[in-house]
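# What the coordinates show
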2 protein chains.
Amino acid sequence: MAKQNTVFKDAYNRCLKLLAETSSLPSEPELGQVLGVSRTTVRAILSRFEELQLIAWDKRKKNVLRQPRPDDYFPTEETDSLSEIIERSFMRRILAGGAEPGMQINELELAREIGTGTTSVREFLIRFSRFGLIEKRPNSHWILKGFTREFALELTEVREMFELRSAARFVSLPHDHPAWEELKKIETLHREILADIDNRYREFSELDEQFHLLVHKASSNRFIVDFYDIIAIVFHYHYQWNKSNARQRNARALEEHLAYIEALRSHDPAKAEQACRRHLQSARETLLQSIP
Amino acid sequence: MAKQNTVFKDAYNRCLKLLAETSSLPSEPELGQVLGVSRTTVRAILSRFEELQLIAWDKRKKNVLRQPRPDDYFPTEETDSLSEIIERSFMRRILAGGAEPGMQINELELAREIGTGTTSVREFLIRFSRFGLIEKRPNSHWILKGFTREFALELTEVREMFELRSAARFVSLPHDHPAWEELKKIETLHREILADIDNRYREFSELDEQFHLLVHKASSNRFIVDFYDIIAIVFHYHYQWNKSNARQRNARALEEHLAYIEALRSHDPAKAEQACRRHLQSARETLLQSIP
DNA sequence: GATCTGTCTATTGTAGATAAAAGACAGAAG
DNA sequence: CTTCTGTCTTTTATCTACAATAGACAGATC
């Protein structure tokens, strides 16, 4: 296998959903636009649709013949890109499996275990190394530095510097800046989830990421925004891993976010700083509690 | 060619220098230690020495037979690792050659031009992407974001946050911390270069890197220390590129460093902050001046 | 004349192969 | 009994090959 066709399969599935809602599909370039793929892939999808008698395709006419059935979709496991698969496998290993700091990481072994070529694993490790959890010994193995207390402290130290600065920028954004609109939407979502916290507390993780990313973006600094990737990935896997008291923790964080949002909207730097600090401090404590 | 034997060639050259200074070489593990390579490579070197009648080798005895001649050394071009070659080629292209922001970067073309496989170019680009100068479009090309004014401003903004914090940590290091010793050495070097500035001003670039890295290390924060890589690479190539007024600029920076060092040694946080700010400001101005 | 389709070409993502380098282990030498 | 050497195995760095995907261009269609 040279290249996985996950782009095709994923776009195919999404296109099936579009197909379920109309009687004829738009032009190839438009489909490409909507699905975020090239015309080559669009045409591959349309060919398959035609083969399976889902549409009648003649040049510009793409009439829907029948509704898609559940088994027309590709299984979701097949639509994940290789790098997503590698990332998940790797994170499971280093967070769940007793991964001691100092442990050696072996490209070949990882590749065999995941069932993929070494090239992809290697590229993943290179990309991942910027998160500061692993380190390369040239001509030799990687070393796992581990998700330790020091790591968490160093991470939160930088996070706090960056977020405080971003929050300060946020309050001085012009009133017509789109971020205010976005902030309002996020606030609404907060209230909705909080109103039905027992059922919806799991949605917090994603919302948390959205909110803090919005704040970081106000810095207009690529290094600050990029750094948020590290925080996001750590918290993402951390939430998956450590579920104790999730409902209660999330409820508290949602309240803090609301106070933080209100402070941002006051346009008062001092208030924003205070609310930001308060939330960051409790986020840090939560993170540290989960590390032995 | 599967793997370049640059490790061998480089270690070989360094081993020749050792050989010039003794009458017999130490044990294989010890040589490996000194040269920073494995025993396999050490043995390859010794085999070659024996072949060329440089030593008589019998088990533990490795007696020097003759002094190395200049042509016993491998040419220096052959001792650079592939990634160094790629980095240099790439930086020359984006700094020197009229590289417009927004330009597409093509892995295959770069590889052809450098005369190497695509894998190595690809891995380089992935590693390099953390510097924020390029960005990947998945399944498609890379985009050059360019060494622009915004880039420089974003870079220096973060640099200033990090270095101020590191300097604050530095002044509170315990008196017996090895950093103080190191600082003293660096100060001496500063004075030496300054005393003979007309001849030695070119040595500033390397010293600058050493000094600021020492300061950043006081933060004990891997993200802060790692970030210094970006600054170092930018300034490194920037100095190579923009040589106007180098003597004068470097003399001024050396003076500022000395004031900064003195402030650090006073253990007075306020003084350190002031000296740090002053130097960072002029470093920023210098950088910005060179960007159109 | 703008947008679309058919066709063709170029580039990326990934696997597989191989030389270089690292590293493990047993027996030899001090 | 510690350190060294000889030998062997494993892993990394790199190249090449190829399917998936992107993208370009000319002619067709509205």
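Data block above holds the structure.
In this report, we go over the structure that sits alongside the text.

### Side note on the relation of the copies chain A and chain B
Superposing chain A onto chain B requires a rotation of 180° together with a translation of 0.0 Å along the rotation axis, leaving an RMSD of 0.2 Å. Taken together, the rotation angle and the small translation identify this as a two-fold axis. Interface overlap between copies is the fraction of interface residues in one copy that are interface residues in the other; for chain A against chain B it reaches 100%, indicating a shared surface.

### A closer look at helix 12 (residues 246–265) of chain A
All names here are of chain A. When the terminal C-alpha atoms of helix 12 are compared, their 28 Å separation across 20 residues agrees well with the 28 Å that a helix rising 1.5 Å per residue should span. Residues of helix 12 that are buried include every one of Asn250, Ala253, Leu254, His257, Tyr260, Ala263 and Leu264, and no others. On its buried face, helix 12 sits against helix 7 (149–171), helix 8 (178–195), helix 10 (204–217) and helix 13 (269–289).

### A word on the interface of chain A and chain B
Each partner contributes to the interface: chain A provides 18 residues, whereas chain B provides 18 residues. Looking at the side of chain A that touches chain B, the elements that each hand over two or more residues are helix 6 (118–128), helix 7 and helix 11 (222–241) of chain A. The biggest single contributor to the side of chain A that touches chain B is helix 7 of chain A, with 5 residues. When its residues are assigned to classes, the side of chain A that touches chain B shows 7 nonpolar, 4 polar and 7 charged.

### Things to note about the nonpolar core
Val158(A), Phe227(A), Val158(B) and Phe227(B) are the most contacted members of the largest nonpolar core, which has 20 residues in total. Residue assignment for this core shows that the elements contributing at least two residues are helix 7 and helix 11 of chain A together with helix 7 (149–171) and helix 11 (222–241) of chain B. Residue contacts for Phe227(B): discarding those within four places in its chain leaves Val158(B) and Phe162(B).

### Describing the protein's contact with DNA strand C
Residues in contact with DNA strand C amount to 44 residues; listed here are only the nearest, Ala2(A), Gly117(A), Ala2(B), Val7(B) and Phe8(B). Residue assignment for the surface near DNA strand C shows that the elements contributing at least two residues are helix 2 (28–35), helix 3 (39–51), helix 4 (82–96) and helix 6 of chain A together with helix 1 (6–19), helix 3 (39–51) and helix 5 (107–114) of chain B. A breakdown of the residues in the surface near DNA strand C according to their chemical character gives 10 nonpolar, 22 polar and 12 charged.

### Comments concerning the sheet that holds strand 4 (residues 134–136) of chain A
Residue and element names in this part refer to chain A. Here we have 3 strands laid out as an open sheet, ordered 3-5-4, and antiparallel in their pairing. Each edge of the open sheet is held by one strand with a lone partner, namely strand 3 (104–105) and strand 4. By the bridge criterion, 3 bridges tie strand 4 to strand 5 (residues 142–144) in an arrangement that is antiparallel. Bridging from a neighbouring strand, lysine 136 pairs with tryptophan 142 of strand 5.

### Here we look at the pairing of strand 2 (residues 61–64) of chain A
All names here are of chain A. Pairing between strand 1 (residues 55–58) and strand 2: 4 bridges, direction antiparallel. Looking at the pairing, alanine 56 lines up with asparagine 63 of strand 2. Between strand 1 and strand 2, which follow one another and run antiparallel, lie 2 residues, and lysine 59 among them has a positive phi close to 50°.

### Observations concerning the sheet that holds strand 3 (residues 104–105) of chain B
What the 3 strands build is an open sheet, ordered 3-5-4 (chain B); its pairing is antiparallel. Edge positions in the sheet fall to strand 3 and strand 4 (134–136) of chain B, since each of these pairs with one other strand and no more.

### With respect to the protein's contact with DNA strand D
Lining the immediate surroundings of DNA strand D are 45 residues, of which Ala2(A), Val7(A), Phe8(A), Thr40(A) and Gly117(B) lie closest. At the level of secondary structure, the elements contributing two or more residues to the surface near DNA strand D comprise helix 1 (6–19), helix 3, helix 5 (107–114) and helix 6 of chain A together with helix 2 (28–35), helix 3, helix 4 (82–96) and helix 6 (118–128) of chain B. Its residues placed into classes, the surface near DNA strand D shows 10 nonpolar, 23 polar and 12 charged.

Parameters and conventions
- Each chain has its residues counted from 1, following the order in which its sequence is written.
- Numbering of ligands from 1 and lettering of chains from A proceed in the order in which they are written.
- Given that this is a predicted model, residues contribute local features only at a pLDDT of at least 70 and side-chain atom pairs are listed and counted only at 80 or more, while totals for whole chains, interfaces and linings are drawn from all residues.
- Only residues with pLDDT of at least 70 in both copies count here: their C-alpha atoms drive the least-squares fit that superposes the copies.
- Think of it this way: build a C-beta for each residue from its backbone, and any pair within 7 Å is a contact.
- Elements are defined by DSSP. Helices are runs of H or I of four residues or more, strands are runs of E of two residues or more, and each kind is numbered from the N terminus.
- Every helix has an expected span of 1.5 Å times one less than the residues it contains.
- Burial is judged by counting other C-beta atoms within 10 Å of a residue's own C-beta: 20 or more means buried, 12 or fewer means exposed, and anything between counts as partly exposed, with every C-beta placed from the backbone.
- Basically, the charged four are Asp, Glu, Lys and Arg, the nonpolar ten are Ala, Val, Leu, Ile, Met, Phe, Trp, Tyr, Cys and Pro, and anything else, Gly included, counts as polar.
- By definition, a nonpolar core groups buried Ala, Val, Leu, Ile, Met, Phe, Trp, Tyr and Cys residues that connect through C-beta atoms lying within 7 Å of each other.
- Near, for a residue, is defined by distance from a backbone-placed C-beta atom to a molecule or strand, with 6 Å as the limit that must not be exceeded.
- Note: two strands are recorded as paired if DSSP finds a minimum of 2 bridges between them.

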